[in-house]
Amino acid sequence: MIVSSLQFLTSDATYHDLALRCQEYLHYQQRGWADQRELAEDMLFNLLVEYLVEAAVPRPQAEQFCTDRDNLTELAMRISSTLGPVVA
């Protein structure tokens, strides 16, 4: 893995965005209108797919994994518990 990819994966901005998207996803899955849930899901899906691709997972495999809503929810819960709440 080249250094720039490693820096991308470990940058504070990446973690902040990842934590924020996970919180939004989990929040809107419990409460929120259908369009809010769908937008939060789409945003988290796109971010996690890109994150997995940068971590050397083939794109089709990353997309297939993240398409399963149970996997997406599990990842969001684990990431949120690891990274903690987002501070503005």
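For the structure given in this document, a descriptive report is provided here. All of these numbers come straight from a predicted model, not from anything done at the bench.

**Topic: the overall build of the chain**
- Per the secondary structure count, the chain includes five helices and zero strands.
- What you see in the chain, going N to C, is helices and strands ordered as α-α-α-α-α.
- For the chain, the proportion of its 88 residues judged to be buried stands at 24%.
- For the chain, long-range pairs separated by at least 24 residues make up 59% of all intrachain contacts whose partners lie at least 6 apart in sequence.
- About 5,900 Å² of surface is accessible on the chain, with carbon and sulfur atoms providing 57% of the total.

**Observations concerning the side chain of serine 80**
- Examined against the element boundaries, serine 80 turns out to sit in helix H5 (residues 69–83).
- Beyond its immediate stretch of four places on either side in the chain, serine 80 contacts Cys22, Gln23 and Leu26.

**What about the environment of phenylalanine 45?**
- In this structure, phenylalanine 45 sits in helix H3 (residues 34–54).
- The contacts of phenylalanine 45, once residues within four sequence positions are left out, are Glu63, Cys66, Thr67 and Leu72.

**With respect to the packing of H3 against H5**
- Where H3 meets H5, the closest approach of the two axes is 11 Å, and the angle between their N-to-C directions is 80°. If you check the angle between H3 and H5, you find them roughly perpendicular. Every residue of H5 that contacts H3 at Glu41, Leu44, Phe45 and Leu48 is listed here: Arg69, Leu72, Leu75, Ala76 and Ile79.
- Classifying every residue of the contact of H3 with H5 gives seven nonpolar, no polar and two charged.

**So, the pattern of salt bridges**
- Scanning all chains against the criterion turns up five salt bridges.
- Its salt-bridge partner being aspartate 17, residue arginine 21 comes within 3.4 Å of it at the nearest N-O pair. One end of the pair, arginine 21, and the other, aspartate 17, are both in helix H2 (residues 12–30), four residues apart, so they sit about a helical turn from each other.
- For aspartate 17, a relative accessible area of 27% gives the class partly exposed.
- Note that arginine 59 and glutamate 50 form a salt bridge whose closest N and O atoms lie 2.8 Å from each other.

**Focus on the side chain of arginine 21**
- For arginine 21, a relative accessible area of 16% gives the class buried.
- In terms of polar contacts, arginine 21 uses its side chain to reach the side chain of glutamate 24, at 2.7 Å.
- Once residues lying within four places of it in the same chain are set aside, the contact partners of arginine 21 are Met43, Leu44 and Leu47.

**Comments concerning unusual backbone geometry**
- Unlike most non-glycine residues, alanine 56 shows phi in positive territory, near 80°.
- Within the secondary structure, alanine 56 is located in the loop between H3 and helix H4 (59–67).
- Given a relative accessible area of 63%, alanine 56 falls into the exposed group.

Conventions used here
- Residues numbered from 1 in each chain as written.
- Predicted model: local features only at pLDDT ≥ 70, side-chain atom pairs only at ≥ 80, totals over all residues.
- Heavy atoms only, no water.
- Helix = DSSP H or I, 4+ residues; strand = E, 2+ residues; numbered from the N terminus.
- Buried < 20%, exposed > 50% of the residue type's maximum accessible area, 1.4 Å probe, protein only.
- Contact = heavy atoms within 4.5 Å.
- Areas by Shrake-Rupley, 256 points an atom, 1.4 Å probe, with all protein chains shown as cover.
- Axes fitted to C-alpha atoms, helices over the stretch in contact; angles between N-to-C directions.
- Parallel < 35°, antiparallel > 145°, perpendicular 65-115°, else oblique.
- Nonpolar A, V, L, I, M, F, W, Y, C, P; charged D, E, K, R; others polar.
- Salt bridge = Lys/Arg side-chain N within 4 Å of Asp/Glu carboxyl O.
- Polar contact = N/O pair within 3.5 Å; in protein donor to acceptor, adjacent residues only side chain to side chain.

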